[in-house]
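Read off the chains here:
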Amino acid sequence: MNLNVNLMDSPEIQARKGFKKKHAFQGLGFLLLLGVVLFIGQHVLANLKEKSAIKALQNEIRLNEKKYNSLLTMREENNWAEKIKEELEQWKESSLVINPLAVELVGLVPENIQLLEMGLAGELVFRSAKVKGESDERLRTYSFSLAGRSEGENSEDAVLEFVKKLRAAENFGTVMESLRLSRTEREVRLNNNTTNRLFFIDGQYKERVW
Amino acid sequence: MDWKSLEDKQKKQYIILAVVFLGVIFKVVQLAMPSGEEGVNPKIANASYEELDQERMSHKRLLSKEESIIEEYERAIKELKQINENYLSPKLNTLTWASEKIYKAAKKVNITIETLEEYRTRSSFEYDREKAGKSMEPFGVRVITSCSYMKMIEFVSYLEESNPYISISQINLQGNDSNPQAHTLAVIIEWPSFASEEDIKRLTQEGSS
């Protein structure tokens with residue numbers, strides 16, 4: 001038995017069918033709209049929250065920005081000044097101090113030796129790195145020369161003894177790359193029978209980084 | 001609601017309503033989006049939350065060292081200024097400046113300066129300062145005088161003690177057999193000097209702003 005057929009008129013059945021379809025669409029539409037609204041709402045709320053947090057951070061950063069930048073500049077300038085001071089220290093450390101050297105020499109020269117000439121020549125050298133990746137070398141070099149006269153019968157021995165002393169000396173041989181007697185000759189300029197000898201010493205101080 | 005059954009006027013009203021609704025939604029979303037602000041560093045204005053948080057942390061770290069940074073900066077600049085004023089050769093009237101130092105030393109040890117002239121050290125024109133990464137360059141003078149060995153020691157010692165940055169780069173003592181009190185002494189004395197005017201200006205401005 002079909003109640004619909006029996007109890008409802010044909011227009012009523014039509015109306016019921018229409019009611020079902022219409023409400024189903026309306027419900028679906030409502031759910032869709034609700035979904036969209038909820039999605040947008042959630043997104044908006046999340047963004048509002050982030051925006052507010054960002055704003056708080058921006059304010060905090062902005063508040064300290066001037067002081068922060070000023071401290072950054074100070075640190076930069078401090079590094080610059082320290083670098084120059086370091087360079088000056090290197091300059092100082094690489095320079096040969098003449099006073100102790102000249103004073104020590106006085107004590108090393110025996111009585112029968114007379115110095116005729118003393119020379120010290122420094123030079124600043126910039127040497128490019130030979131291999132890529134190695135740093136360039138900045139060096140200070142000093143060459144040393146000494147000429148003198150040894151008098152008396154044992155003049156040769158006196159010269160050799162003097163060179164030995166120089167080699168062992170604190171401000172000469174021990175801090176030098178090389179120190180050698182380069183020439184020695186009998187001083188015949190004034191007297192052909194003389195035992196006096198002229199001698200020449202030269203040396204090279206160890207390179208110093210500057 | 002049947003769209004087809006609506007009158008044209010009603011349809012227009014609905015369309016306007018829909019456009020307004022969409023406009024409102026768009027505006028709300030736009031307001032909620034993080035945006036740049038005027039007067040704020042663009043780097044900060046357009047940064048994400050994570051980037052800003054990192055920035056804030058680095059600010060915090062630096063600001064926590066404020067006292068020591070200021071102290072170190074002031075000390076370094078003060079020291080460098082003192083060194084510059086007392087020991088480094090100036091850029092202007094350099095020979096006059098050097099002459100004062102040399103004559104003072106000569107007077108102190110009682111010797112007479114025969115010659116005093118500017119000396120262009122080999123190094124100053126041979127090495128590539130820029131490449132060497134140096135801020136300083138040497139300024140040199142050649143001094144010729146007559147004195148004994150002991151006077152030479154006194155003269156050189158006085159110069160070295162009066163300026164820790166002085167460098168006696170060359171020395172030549174030529175003996176005088178007839179008069180050991182008057183050997184010929186030639187000395188080349190060098191002082192470090194700022195190579196660039198900009199560095200001097202930078203140092204002068206430090207601490208004054």
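Residues numbered from 1 in each chain as written. Chains lettered and ligands numbered in written order. Predicted model: local features only at pLDDT ≥ 70, side-chain atom pairs only at ≥ 80, totals over all residues.

## Things to note about the overall build of chain B
- Secondary structure assignment for chain B yields 9 helices and 4 strands.
- Reading chain B from its N terminus to its C terminus gives the helix and strand order α-α-α-α-α-β-α-α-β-α-β-β-α.
- For chain B, the residues scored as buried account for 26% of the 209 residues in total.
- Taking contacts inside chain B between residues at least 6 apart in sequence as the whole, the part at least 24 apart equals 66%. (Helix = DSSP H or I, 4+ residues; strand = E, 2+ residues; numbered from the N terminus. Buried ≥ 20, exposed ≤ 12 C-beta atoms within 10 Å, placed from the backbone. Contact = placed C-beta atoms within 7 Å.)

## Observations concerning the overall build of chain A
- On a plain count of helices and strands, chain A comes out with 4 helices and 5 strands.
- In sequence order, chain A lays out its α and β elements as α-α-α-β-β-α-β-β-β.
- Whereas a compact globule of 210 residues would reach a radius of gyration of roughly 17 Å, chain A reaches 49 Å, over 25% beyond that.
- When the backbone C-alpha atoms are referred to their principal axes, chain A occupies close to 165 × 40 × 25 Å.
- The buried share of chain A, reckoned over its 210 residues, is 18%.
- Within chain A, contacts between residues separated by at least 24 positions form 64% of all contacts whose residues are at least 6 apart in sequence. (Rg over C-alpha atoms; globule rule 2.2 N^0.38 Å.)

## Observations regarding the confidence of the model for chain A
- Summing up the model confidence of chain A, the mean pLDDT is 86 and the portion of residues at 70 or higher is 90%.
- No element of chain A has a lower mean pLDDT than helix α1 (residues 3-7) of chain A, at 56, and none a higher one than strand β4 (residues 197-205) of chain A, at 96. (pLDDT = per-residue confidence, 0-100.)

## Regarding the packing of helix α5 (residues 94-109) of chain B against helix α8 (residues 149-162) of chain B
Residue and element names in this part refer to chain B.
- At their nearest, the axes of α5 and α8 sit 9 Å apart, and the two run at 135° to each other. As the angle between them shows, α5 and α8 are arranged oblique. Read as a crossing pair, α5 and α8 show a hand that is right-handed. Side by side, α5 and α8 meet where Ala105, Ala106, Lys108 and Val109 of the first sit next to Lys151, Glu154, Phe155, Tyr158 and Leu159 of the second.
- Residue composition of the contact of α5 with α8, by class: 6 nonpolar, no polar and 3 charged. (Axes fitted to C-alpha atoms, helices over the stretch in contact; angles between N-to-C directions. Parallel < 35°, antiparallel > 145°, perpendicular 65-115°, else oblique. Left-handed = near helix turned anticlockwise from the far one by under 90°. Nonpolar A, V, L, I, M, F, W, Y, C, P; charged D, E, K, R; others polar.)

## So, unusual backbone geometry
Residue and element names in this part refer to chain B.
- Backbone geometry at Asn93 places phi at a positive 50°, although glycine is not the residue there.
- Structurally, the position occupied by Asn93 is in the loop between α4 (66-86) and α5.
- Given 11 C-beta atoms within a 10 Å radius, Asn93 is considered exposed.

## Focus on the environment of Lys4 of chain B
- By secondary structure assignment, the location of Lys4 of chain B is in the segment before α1 (8-32).
- C-alpha separation for the pair Lys4 of chain B and Gly133 of chain B, spaced 129 residues apart in sequence, amounts to 84 Å.

## So, the interface of chain A and chain B
- Contact residues are listed per partner, giving 49 residues for chain A and 56 residues for chain B.
- In terms of residues, the side of chain A that touches chain B owes the most to one element, helix α2 (residues 10-94) of chain A, which gives 30 residues.
- In terms of residue class, the side of chain A that touches chain B is made up of 25 nonpolar, 8 polar and 16 charged.
- The pairing of strand β1 (residues 113-127) of chain A with strand β3 (residues 167-174) of chain B spans 5 bridges and is antiparallel. Paired with Ala121 of chain A across the strands is Gln170 of chain B, a residue of β3 of chain B. (Pairing = 2+ DSSP bridges.)

## Focus: the domain arrangement of chain A
- Taken as a whole, chain A is organised into domain 1 (1-94) and domain 2 (98-209).
- Using only C-alpha atoms to locate each centre, domain 1 of chain A and domain 2 of chain A end up separated by 81 Å. (Domains from an automatic or database assignment.)

## Topic: the nonpolar core
- Of all hydrophobic cores here, the largest spans 56 residues; its most connected members are Ile98 of chain A together with Met152, Phe155, Val156, Val187 and Ile189 of chain B.
- Tallying contributions element by element places strand β4 (residues 183-194) of chain B first for this core, with 6 residues.
- For Phe155 of chain B, the residues in contact, after removing those within four places along its chain, are Ala105, Ala106, Val109, Ile111 and Cys147 of chain B. (Core = buried A, V, L, I, M, F, W, Y, C linked by C-beta atoms within 7 Å.)

## Considering the environment of Arg167 of chain A
All names here are of chain A.
- Relative to the helices and strands, Arg167 is located in helix α4 (residues 155-168).
- According to the C-beta neighbour criterion, Arg167 is partly exposed, with 17 such atoms within 10 Å.
- For the pair Arg167 and Gln26, spaced 141 residues apart in sequence, the C-alpha to C-alpha distance is 110 Å.
- Ignoring sequence-local partners within four residues, the contact set of Arg167 consists of Gly173 and Leu179.

## A word on the confidence of the model for chain B
All names here are of chain B.
- Looking at chain B, the pLDDT average stands at 85 and 85% of residues meet or exceed 70.
- Per-element averaging of pLDDT across chain B places helix α6 (residues 122-126) at the bottom with 51 and α8 at the top with 96.
- Interface scoring of the predicted complex returns ipTM 0.77; its pTM is 0.75.

## Topic: α4 of chain A
- With 14 residues, α4 of chain A extends 20 Å from end C-alpha to end C-alpha; this agrees with the ideal 20 Å at 1.5 Å per step.
- Contacts made by the buried residues of α4 of chain A are with α3 (98-108), β1, β2 (137-150), β3 (176-186) and β4 of chain A. (Expected span 1.5 Å × (residues − 1).)

## Re the packing of α3 of chain A against α8 of chain B
- The geometry of α3 of chain A relative to α8 of chain B is characterised by a closest axis approach of 9 Å and an angle of 160° between their N-to-C directions. In terms of axis orientation, α3 of chain A runs roughly antiparallel to α8 of chain B. Note on packing geometry: the crossing formed by α3 of chain A with α8 of chain B is left-handed. Residue-level inspection shows Ile98, Asn99, Ala102 and Val103 of chain A of α3 of chain A in contact with α8 of chain B, the latter providing Met152, Ile153, Val156, Ser157 and Glu160 of chain B.
- For the contact of α3 of chain A with α8 of chain B, the per-class residue count stands at 6 nonpolar, 2 polar and 1 charged.

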